[in-house]
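Here is what each chain is made of, one letter per residue.
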Amino acid sequence: MLSLSTFAQRGVRIAYIDTEYILENVPEYQEATAQLESKAQKWKNEIQAKLTVVEQKRKDLSNEKALLTNELIEEREEDITFEENEILDYQQKRFGPNGDLFIQKKQLMQPVQDQIFAAVQDMAESRKYDFIFDKSSDAVMLFSNVRFDLSEQILRSITRTSKRKQAQSKAERKVAEQEELIPEINEELEAREKALEEKKAQRESAIEKARKEKLAAREAKVKAAAERRQKVLDDREKAKQAKLDVRNTTTEAAESETEPLKTDDAKPEAESETKTKAQLIEENRQKKLAERAARKKALEERKKKILEDRQKAKDSLTTNN
């Protein structure tokens, strides 16, 4: 009752400030904001350029699928997916909830907010204000009279402090900062900055570890795919050489058996000569059939081996993943 009676006798002193207006008129804050926006735009351009490259790679793969083996298609799709994940990680690092943009914007606003808070505290104590609101905050102000607006006075106080600091030497500025800053605010600011630095270091360490693991897995897959391709090429070369060897052997045998027919004059009888030619024709036909069967068998064995190699490669990829 005594407190209410005191308020009633002298009247409640209320004022407000507009933080957004103050920030718009602080040159240092505006300059830093412009630099931060420029940096954010640069990050956006980098991300867009990388996404364009990945999209072009995806289009090229779609156009070349008909000319590539399944192993090459899977390998290139894995490369594209890996690059997309790297871009997403980079985007999260820059623009995520705890990204560089958020942290730098908070670090940029914190000193100015501390100056505004200190100026408001000084003015409230010196002019005996009971309440000072922030017009730009979530508090709803249905009406505000201009004569209660302290924004210009707070802005002038910050400007005077800034000019005074710029005019002083480094040693004087250090002494003035130690005298003017409020210890509780300083400790809270240092604790927040330390926590942010620790979180940033942990995030960067985790990202680097994940990147190294992805690179190692990618290199292992590339190596396995290269070994599979080389094995397939070696098998094809061996099958081709075997086919050539069979063909050369058959040709030599046919030539060696045909030559005696041209030079053999020991059998004058027509029936014996006709019988010998018929036998040779039948023998040649049987040899061709045997060669065809051998080639067919070799092709089936090679096809079976290729299928087994592909299955082993798929099992290896499944085990690695």
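Structure's up top.
Model, not experiment: these values are computed from the prediction. (Residues numbered from 1 in each chain as written. Predicted model: local features only at pLDDT ≥ 70, side-chain atom pairs only at ≥ 80, totals over all residues. Heavy atoms only, no water.)

Enquirer: Could you give an account of the overall build of the chain, with specific residues and numbers?
Expert: Within the chain, the regular secondary structure consists of nine helices and two strands. Secondary structure elements in the chain, listed N-terminal to C-terminal, are α-β-α-α-α-α-β-α-α-α-α. In the chain, which comprises 321 residues, the proportion classed as buried is 19%. Considering only contacts within the chain whose residues lie at least 6 apart along the sequence, 80% involve residues at least 24 apart. If you sum the accessible surface of the chain, you get close to 24100 Å²; carbon and sulfur atoms cover 53% of it. (Helix = DSSP H or I, 4+ residues; strand = E, 2+ residues; numbered from the N terminus. Buried < 20%, exposed > 50% of the residue type's maximum accessible area, 1.4 Å probe, protein only. Contact = heavy atoms within 4.5 Å. Areas by Shrake-Rupley, 256 points an atom, 1.4 Å probe, with all protein chains shown as cover.)

Enquirer: Residue-level account of the pattern of salt bridges, with values.
Expert: Two side chains of opposite charge can pair, provided their charged atoms sit close to one another. Enumeration over the complete set of coordinates arrives at twelve salt bridges. Across the pair R229 and E75 runs a salt bridge whose closest N-O atoms are separated by 3.0 Å. Of this pair, R229 sits in helix α8 (residues 183-263) while E75 sits in helix α4 (residues 70-95), placing them 154 residues apart in sequence. When its relative accessible area of 16% is taken as the criterion, E75 is described as buried. A salt bridge links E208 to R211, with the shortest nitrogen-to-oxygen separation between them at 2.7 Å. (Salt bridge = Lys/Arg side-chain N within 4 Å of Asp/Glu carboxyl O.)

Enquirer: Kindly report on helix α5 (residues 100-127), identifying the contributing residues and their values.
Expert: Taking 1.5 Å of rise per residue, the 28 residues of α5 would be expected to cover 40 Å, and the 40 Å separating its terminal C-alpha atoms lies within 8% of that figure. Along α5, the residues classified as buried are D100, L101, I103, L108, Q110, V112, D114, I116, A119, V120, M123 and A124. Downstream of α5 by a residue or two, K128 has a phi angle that is positive, lying close to 60°. (Expected span 1.5 Å × (residues − 1).)

Enquirer: So what about α4? Which residues, and what values?
Expert: For α4, built from 26 residues, the straight-helix expectation of 38 Å at 1.5 Å per residue is met to within 8% by its first-to-last C-alpha distance of 37 Å. Inspection of α4 places I73, E75, D79, I80, F82, E83, I87, Y90 and R94 among the buried residues, and these make up the whole buried set.

Enquirer: Could you give an account of the side chain of D235, naming the residues involved and the relevant values?
Expert: Tracing the backbone through its elements, the reader meets D235 in helix α8. A residue is classified by how much of its surface remains accessible, and D235, at 9% relative accessible area, is buried. In this view, D235 contacts R302, K305 and D309; residues no more than four positions away in its chain are not counted.

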